[in-house]
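Analysis of the macromolecular model
Letter by letter, the chains look like this.
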Amino acid sequence: QVQLVESGGGLAQTGDSLRLSCAASGRTFSHYTMAWFRQAPGKEREFVAGITWSGGRTYYADSVKGRFTISRDNAKNTVYLQMNSLKPEDTAVYYCAAREDALIWTMQREYAYWGQGTQVTVSS
């Protein structure tokens with residue numbers, strides 16, 4: 001079992017930056033591929049970014065590529081999402097997810113462990 005707790009959400013204006021954190025506890029964090037998903041009101045949850053267990057490979061949704069950066073610190077059992085140049089369409093609840101695997105998957109059903117989510121609201 002892995003427990004995930006997100007933090008760092010809040011209110012921002014267009015062009016601002018926020019950094020989300022996801023603290024993991026339980027089993028060996030470094031064995032897990034980690035990902036961020038988001039869900040806007042009335043929409044399905046969508047993949048945002050993923051990072052392999054070593055941090056050596058990352059993958060991003062086209063909508064955030066070049067603006068968001070995912071990283072991890074295995075010594076701190078934490079994964080981060082640095083969000084720059086925020087847009088109103090980035091408004092959503094952001095979820096951290098974990099999968100015991102070496103690959104990055106973009107489908108939410110592939111992830112067994114989820115955090116409770118943190119709200120990000122970007123105003124124009």
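The coordinates are above.
A few points on the structure.

The rules behind the values
The numbering scheme is per chain: residues are counted from 1 as the chain's sequence reads. Local features are withheld for residues below a pLDDT of 70 in this predicted model, meaning they are given only at 70 or higher, and side-chain atom pairs are given and counted only at 80 or more; totals for whole chains, interfaces and linings count all residues. Side-chain figures throughout are based on the complete set of non-hydrogen atoms in the structure, without hydrogens or water. Helix and strand definitions here come from DSSP, where helices need a minimum of 4 consecutive H or I residues and strands a minimum of 2 consecutive E residues; each element is numbered from the N-terminal end. Burial classes: relative accessible area under 20% of the type maximum marks a residue as buried, over 50% as exposed, and values in between as partly exposed (1.4 Å probe, protein chains only). We call two residues contacting when some pair of their heavy atoms lies within 4.5 Å. Per-residue accessibility takes into account occlusion by the displayed protein chains alone, with areas from the Shrake-Rupley method and a 1.4 Å probe. When the sulfur atoms of two cysteines come within 2.5 Å, that pair is taken as a disulfide. A 3.5 Å cut-off defines polar contacts: any pair of N or O atoms within that distance qualifies, except that in protein one atom must be a possible hydrogen donor and the other a possible acceptor, and neighbouring residues in sequence count only when both atoms are side-chain atoms. A strand pair is defined by DSSP finding two or more bridges across the two strands.

Below, the discussion takes up the overall build of the protein. Scanning the protein from N- to C-terminus turns up zero helices and eleven strands. Along the protein, helices and strands appear, N-terminal first, in the series β-β-β-β-β-β-β-β-β-β-β. Across its three principal axes, the protein shows a C-alpha extent of roughly 40 × 25 × 25 Å. Out of the 124 residues belonging to the protein, those deemed buried represent 45%. Restricting to contacts in the protein with at least 6 residues of sequence separation, those with at least 24 account for 60%. Of the roughly 6300 Å² of accessible surface on the protein, 47% is carried by carbon and sulfur atoms.

Attention now moves to the state of the cysteines. Taken as a whole and assessed by the stated rule, the structure comprises one disulfide. What pairs with cysteine 22 in a disulfide is cysteine 96, and their sulfur atoms sit 2.1 Å apart. Judged by the sign of its S-S torsion, about -80°, the bond between cysteine 22 and cysteine 96 is left-handed. Of this pair, cysteine 22 sits in strand β3 (residues 18-26) while cysteine 96 sits in strand β9 (residues 92-99), and the two are 74 residues apart along the sequence. By the burial criterion, cysteine 22 is buried, and cysteine 96 matches it.

Structurally, glutamine 82 is set in strand β8 (residues 78-83). Residue class for glutamine 82 comes out partly exposed when judged on its relative accessible area of 26%. Along the sequence, glutamine 82 and arginine 38 sit 44 residues apart, while their C-alpha atoms lie 14 Å from each other. For glutamine 82, the residues in contact, after removing those within four places along its chain, are Ser17, Leu18, Arg19, Arg67, Phe68 and Thr69. Within polar-contact distance, the side chain of glutamine 82 engages the side chain of asparagine 84 at 2.9 Å.

Looking now at the pairing of β3. Direction of pairing for strand β1 (residues 2-7) relative to β3: antiparallel, over a ladder of six bridges. What sits directly across from glutamine 3, in β3, is serine 25. Pairing of β3 with β8 involves six bridges; the strand directions are antiparallel. When the sheet's bridge partners are listed, arginine 19 is paired in β8 with glutamine 82.

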